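# Residue-level structure breakdown
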Amino acid sequence: MAKLSKRFFQKFMMTSKPLEQQTKLILVGATGKLGRSISSYNQVTYGVCSKDNPLLGEVMEGIQEPLISSLSEVSLKIANIPLVIDASYPENFENVYDFCFQNNIPLVLASTGHTEKQLQKLEKLSKKVPVLKAPNLSEGVAFFKTSILNPLINGIFNRVNLPWSNENSYDLNIKIIETHHEKKKDAPSGTALDLKDYISKSGLSRYFDLDIEIKSIRDKKSVGKHEVIFKHKNEEFSVMHNAFSRDIFGESIGLATDIKDKSPGIYSMVDLLKDMEGYDF
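If you're wondering where the values come from, they're calculated on a predicted model, not measured in any experiment.

Scoring rules and cut-offs
- Residues numbered from 1 in each chain as written.
- Predicted model: local features only at pLDDT ≥ 70, side-chain atom pairs only at ≥ 80, totals over all residues.
- Heavy atoms only, no water.
- Helix = DSSP H or I, 4+ residues; strand = E, 2+ residues; numbered from the N terminus.
- Buried < 20%, exposed > 50% of the residue type's maximum accessible area, 1.4 Å probe, protein only.
- Contact = heavy atoms within 4.5 Å.
- Areas by Shrake-Rupley, 256 points an atom, 1.4 Å probe, with all protein chains shown as cover.
- Arc of directions from axis to C-beta.
- Pairing = 2+ DSSP bridges.
- Axes fitted to C-alpha atoms, helices over the stretch in contact; angles between N-to-C directions.
- pLDDT = per-residue confidence, 0-100.
- Core = buried A, V, L, I, M, F, W, Y, C linked by side-chain atoms within 4.5 Å.
- Salt bridge = Lys/Arg side-chain N within 4 Å of Asp/Glu carboxyl O.

## What about the overall build of the protein chain?
Within the protein chain, the regular secondary structure consists of nine helices and ten strands. The buried share of the protein chain, taken over its 281 residues, is 46%. Put simply, 66% of the contacts in the protein chain that link residues at least 6 apart link residues at least 24 apart. Working note: accessible area of the protein chain is about 15100 Å², and carbon and sulfur atoms make up 50% of it.

Take a look at the structure:
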């Protein structure tokens, strides 16, 4: 019999707890594509939308309470173990920040395109509560970084920096190509920027002057495709993650909710994945 992963038991225990002991998800941006993916796969207590949304006041499938237009309408007696998931837009960040800061509520930041000033506020919030900064909620992207991209980075370093090699070790070019649907507002994508940051902080940065280019492509139907290309002299190596459905984001909330048990600070999906003992992808 195959050994069941710790993740299976955590999900089972989370859903089998009495309702009053379960984490209450407060989903900002509930009617958007990402928000609908999250509510399709998870028990959401409150969904927040804009005041002009025609669904305001309605009960959506997967969301316990009628849709509200402001976090001030959340009852913390109903959402007694709250976790905010921001799947909206940067323009709404201050409202999310104020609510979490004043009520000491952990945050999953799944929106992208924030300003430097907003990111500074996020740092301030993380001094009080744990924050998951997740430009891509997919467990698959976290796996892509740790189990595919990272070994390739290490292998390329060994290849171009052999002790007996006379090659110019700075002759290394890295490009990220991200492809999304044409309605995506930000370019480059938050995931592409996150991949760039991940590579920049890898072991390569200690030896190479990294200049990582990002190319953004918009088409009719791509959910999210990210290719990382390493070019050295007359060769190149590439790896890619391609999302076929937004369902992968909603399916990964089980891992994202682990943030509520962390100490204050800013975490990534990779951090949560690495902390998962016996995790079986």
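Back to the text.
## Section: helix α4 (residues 116-125)
Listed in full, the buried residues belonging to α4 are Gln-118, Leu-122 and Leu-125. Along the axis of α4, the buried residues cluster in a sector spanning 60°; they form a single face. Across α4 from its buried face, at more than 90 degrees, point the exposed residues Glu-116, Lys-117 and Gln-120. Buried residues in α4 make contact with α3 (93-103), β4 (107-109), β5 (130-133) and β10 (265-267).

## So, the sheet that holds strand β7 (residues 212-219)
In a beta sheet, neighbouring strands pair by backbone hydrogen bonds and run either parallel or antiparallel. Pairing is mixed across the open sheet formed by four strands, whose spatial order is β7-β6-β8-β9. Both outer strands of the open sheet, β7 and β9 (235-243), are each paired with one neighbouring strand and no more. Geometrically, the sheet is characterised by an average inter-axis angle of 15° between neighbouring strands, direction not taken into account. The pairing of strand β6 (residues 172-181) with β7 spans eight bridges and is classified as parallel. Each residue of the ladder has a partner; that of His-181, found in β7, is Asp-219.

## Re the confidence of the model for the protein chain
In this model, the protein chain carries a mean pLDDT of 87, and residues with pLDDT of at least 70 account for 87%. Scored below 50 in pLDDT, residues 1-13 shows 14 contacts in the model against residues more than four places distant or in partner chains.

## Some thoughts on the nonpolar core
Generally speaking, soluble globular proteins have nonpolar side chains that are buried together. Counting 32 residues, the largest nonpolar core has Ile-38, Leu-132 and Leu-137 as its most contacted members. Counting residues per element, this core draws most heavily on helix α9 (residues 269-274), at four residues. Once you skip the residues sitting within four places of it in the chain, Leu-132 turns out to touch Leu-107, Val-108, Leu-109, Ala-256, Ile-259, Tyr-267, Ser-268, Met-269 and Leu-272. Within the second largest apolar cluster, 21 residues are counted, among which are Val-74, Ile-105, Leu-109 and Leu-125.

## Brief notes about the pattern of salt bridges
Summed over the entire model, instances satisfying the criterion amount to seven salt bridges. Between Arg-218 and Glu-178 there is a salt bridge whose closest N-O contact spans 2.8 Å. Remark: Glu-178 occurs in strand β6 and Arg-218 occurs in strand β7; sequence separation between them is 40 residues. On the basis of relative accessibility, which here comes to 27%, the residue Arg-218 falls in the partly exposed class. We note a salt bridge from Asp-197 to Lys-201, for which the minimum N-O separation is 3.2 Å. Looking at Asp-197, the relative accessible area reads 34%, which means it is partly exposed. For Lys-201, a relative accessible area of 65% puts it in the exposed group.

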